[in-house]
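Residue strings, one per chain:
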Amino acid sequence: MVSGKTRMKFFKIGKLKFISHLDLLRTMKGAMGRSRVPLKYSEGFNPHPKMVFSLPLPVGAESRCEYLDVILTQECDEEKLKEAINAQLTKELQITEIYPADMSFEEIVGAEYDFVFSDISAEELEKTLEGELYIEKRSKKGSVMLDLRPKIGGYAIERQGQKTRFHALLGADSGDFVNPELLVRAIEKKRGKPVEYYSILRLELYAANGRAFR
Amino acid sequence: MNEKIEAILRKVSKPGRYIGGEYGEILKDKNSVNCRWAFCFPDTYEIGMSNLGMRILYGVLNEQPDVWCERCYAPWPDMAEKMREEQMPLWALESGDPLTSFDIVAFTLQYEQAFSNVLYMLELAGIPAKSCDRGEDWPILIAGGPATYNPEPVADFFDVFSIGEGEEALPEFSKLYIKMRKEENFSKENFLHEAAKIPGFYVPSLYTWSFKEDGTVASVTPKYDDIPRKISKRIVKDLDGVYYPTRPLIPYIETVHDRIMLETFRGCIRGCRFCQACMIYRPVREKSSETLARQAKILFENTGYDEISLTSLSISDYTQLFELTDKLLSWTEKEKVSISLPSQRVDAFTKELMERISSVRKSGLTFAPEAGTQRLRDAINKCVTEEDLLKACNVAFDYGKNTVKLYFMCGLPTETMEDIEGIAKLAESVVEAYYQNPNRPRMAPTVTVSVSCFIPKPFTPFQWEAQDDMETLEKKQAHLKSCIKNKHVRYTWHDARGSLVEAALAKGDRRLSKVLLRAHELGVKFDAWEEYFDFDKWMKAFEDCSVDIRFYANRVIGEDEILPWDIIDCGVDKRFLLSERHKAYRSETTGNCKEGCAGCGASKMGGNCTWCPGRPE
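Residues numbered from 1 in each chain as written. Chains lettered and ligands numbered in written order. Predicted model: local features only at pLDDT ≥ 70, side-chain atom pairs only at ≥ 80, totals over all residues. Heavy atoms only, no water.

Trainee: Just to check I follow, could you spell out the interface of chain A and chain B for this structure?
Mentor: How big an interface is tends to be expressed through the accessible area that disappears when the partners come together. With 27 residues of chain A at the interface, the matching set in chain B holds 26 residues. The junction of chain A with chain B conceals about 2,300 Å² of combined surface from both sides, 56% of it contributed by carbon and sulfur atoms. Considering only the side of chain A, the residues that lose the most area to chain B are Lys15(A), Phe18(A) and Arg34(A), jointly responsible for 30% of the buried surface there. Of the charged contacts in the structure, one is a salt bridge between Lys17(A) and Glu6(B), with a shortest N-O distance of 2.7 Å. At the boundary of chain A and chain B, one finds twelve residue pairs in polar contact (both at pLDDT 80 or more). Secondary structure elements with two or more residues in the side of chain A that touches chain B: α1 (21–34) and β11 (198–206) of chain A. Considering only residue class, the side of chain A that touches chain B consists of eleven nonpolar, six polar and ten charged. (Contact = heavy atoms within 4.5 Å. Buried area = accessible area lost by both parts, 1.4 Å probe. Salt bridge = Lys/Arg side-chain N within 4 Å of Asp/Glu carboxyl O. Polar contact = N/O pair within 3.5 Å; in protein donor to acceptor, adjacent residues only side chain to side chain. Helix = DSSP H or I, 4+ residues; strand = E, 2+ residues; numbered from the N terminus. Nonpolar A, V, L, I, M, F, W, Y, C, P; charged D, E, K, R; others polar.)

So, in structure tokens, the structure goes:
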């Protein structure tokens, strides 16, 4: 049974990678509303359920390890709750686990990704990753040139048919978060031409000392 | 999802518009159905998904096990460009199949500015625009919706039109298609001939139109004796019994109306003389508060939305409004659901009503006096007085509002500069009323005056009227601007140029099809969007086709002329429209249906009408 601060792990795959963070928030709110999850609401003029998501996922990336924290006002059976909410979601967005939230999102320091590139060879990618990997990062304060290379932890490159798979651990500290889309831009910039087709899948989040986040 | 589409979606704005797969989407096995519809809305996903009519028809068509209806919306120009580059024809959201692989491609036409987008979508789909260029292998193209009450300007593009309400008509059309498809020697021509015999269906290729030298219609003749000379619109007689979608699709991305839409009644009792909706949706038929309360609850359970919008043309005229709101309030507050009432009339906006709707506390209030003086308001039969308006505003001020938006039209028949000045005066009296209200909030008021240009529409008493030419409209707009001196009054107005094109398309005949085609070739699209409306291209299209836009927009039509839309019977008699026109010139008003039957003629359509004489008790 769960109650109080509760974590829901979910995946967001397939075409739902094109749904933005705000749309995801609305979708989750709707699904929980329909399945009558006893959510704690904010006080005030326009009450809304309290929902906190973990690391942002850029539009266009898939993930098997998204987390959403809610506050349950009543005790619920995890399995029944999961089933009820999933029935209100489509098959490309489903909750896989519900449990009491223990670790804090602030503990997240790294994220593991699978990139697949259609027209970069393993050798070319290897070469691209040598030395610096600069990209312009725009923010409200202006733009800065950023070297992404030091933020790539361990990685593996392997050929996958005609394609190249790039498996990498990227910094995901709140102050040092590497947007995987930005990494693709940086690779494109360094090789001097855009990638025809690529995919990004987030696999796992990590806390300090290589401990898996949950 | 294939890689090519994915690669494109990474490069366009709002990719969520093109992926489908929403909760509540209807999927079927295409091999087990006998009739596939691609239902197209010629505007963006966000607008199309908010259209109740399309949602009803999507649901009702899919109720039939052997029919699968899918959806398609107009891709934004950035998407269209990528699709052309990659040579990807326009597809329907559910199956991802190109429109060319469907049996029937349907368009709902809600406004004339969407006409050019029909051609834009057909081009993206790789479907020839003109029906005469589409042989047996092409899908059947059908259109419906309020902008098809005059189908003639788009007659060259569609094989058939469905006139009026579609809940019962479209399933009949599907059935006929399935039946005839099974027969040997199916031909489109035979099918369309048979379809033309179903009440409410107009097959434009089966009618010959001839024109006089002065450009007016000489005659219209059916090519067969067994098809009607005049097509009567379809209505649903019993709204309590008819299908209503209670398991709606829930979009991922934000759309215009992310809320429960509860349709309370169809038609309007008022009879404002400029209003097309009022006439074409008659007779007035209500849904009972029991049916609505039940559907609202189911809709809440199935959507989780936190707002219920009671839709109609004029909500305060719903006879069971208080019964319904009381039934809803018995559970909505607990569930944190608010009730909103769009389309409120000034003369019915009361404290009692205000207390029942929580949502007005959130948003601003909008009232539509439409004209600046009592004389002109009487002429257009908008039976609202200055006193009514100030009373309604005071109710709003009592409840802490300090902003009010007022809608007006300029260029109305019989309008003078005095009427224009009246708009400024009326706005000033609202400001004055604000400062005289002891309960007003401690903020400066803002009264927004929004002025659009009058567009004479088919099936209204003003259908014979000319639209003011652009110079006159612009002069009037400038004059009004100079009259507004109060710093609390904000003035916004519509572009007269867009209104000119809309007027021509609204009252056009089938000779406008070629102008539309030319405009499309020149790149016209998304006319309802300011950033895409291109007046110069439209003018060039008219010029290139040697068609005078003023003939359609700025000419007073003779009362004995055959009108392009005379082929359609909308229920309301032409004789009634004419007498209303004459009363307008005398600034004489006509009472609403509640006060007594004015004899518009719509009662002959039958149905459970709320006010028509001879209605079943």
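Trainee: Looking at this model, I keep getting lost on the nonpolar core. Mind explaining?
Mentor: One broad trend across soluble globular proteins is that nonpolar side chains are buried collectively. One finds Trp37(B), Leu99(B), Phe107(B), Phe158(B), Phe173(B), Phe191(B) and Trp538(B) to be the most contacted residues of the largest nonpolar core, which totals 154 residues. Counting residues per element, this core draws most heavily on helix α5 (residues 115–125) of chain B, at eight residues. Filtering out sequence-adjacent residues up to four positions away, Phe107(B) remains in contact with Cys40(B), Pro42(B), Val118(B), Met121(B), Leu122(B), Ile142(B), Ala143(B), Gly144(B) and Phe158(B). One finds Phe105(A), Phe166(A), Leu182(A) and Leu183(A) within the second-largest nonpolar core, a separate group that totals 38 residues. (Core = buried A, V, L, I, M, F, W, Y, C linked by side-chain atoms within 4.5 Å. Buried < 20%, exposed > 50% of the residue type's maximum accessible area, 1.4 Å probe, protein only.)

Trainee: Explain the pattern of salt bridges here, please?
Mentor: Any two side chains of opposite charge can pair if their charged atoms end up close together. Scanning all chains against the criterion turns up 64 salt bridges over all chains. The residue Arg7(A) makes a salt bridge to Asp69(A) at a minimum N-O spacing of 2.8 Å. Here Arg7(A) is found in strand β1 (residues 2–12), whereas its partner Asp69(A) is found in strand β3 (residues 62–76), with 62 residues between them in sequence. Asp69(A) shares its class with Arg7(A); the two are buried. The partner of Glu25(B) in a salt bridge is Arg71(B), and the shortest N-O contact between them spans 3.7 Å. Pair noted here: Glu25(B) is in the loop between α1 (3–9) and β1 (35–41) and Arg71(B) is in strand β2 (residues 67–73), with a separation of 46 residues, a long-range link. Linked through salt bridges whose partners overlap, the residues forming this network are Lys17(A), Glu62(A), Glu181(A), Arg185(A), Glu188(A), Glu6(B) and Arg10(B).

Trainee: Which parts of the structure should I look at to understand the domain arrangement of chain A?
Mentor: Residues and elements named next belong to chain A. Assigned domains of chain A: these are domain 1 (2–102) and domain 2 (107–210). Distance between the C-alpha centres of domain 1 and domain 2: 27 Å. Facing the 15 residues of domain 1 at the interface are 13 residues of domain 2. Between domain 1 and domain 2, the buried area comes to about 1,100 Å², and carbon and sulfur atoms account for 62% of it. Summed over the shared surface of domain 1 and domain 2, the number is one salt bridge. Across the pair Glu66 and Arg202 runs a salt bridge, and its minimum N-O distance is 2.8 Å. Linking domain 1 with domain 2 are six residue pairs in polar contact (both at pLDDT 80 or more), by the criterion used here. No other element matches the six residues that β3 contributes to the side of domain 1 that touches domain 2. Here the side of domain 1 that touches domain 2 is built from residues that sort into eight nonpolar, three polar and four charged. (Domains from an automatic or database assignment.)

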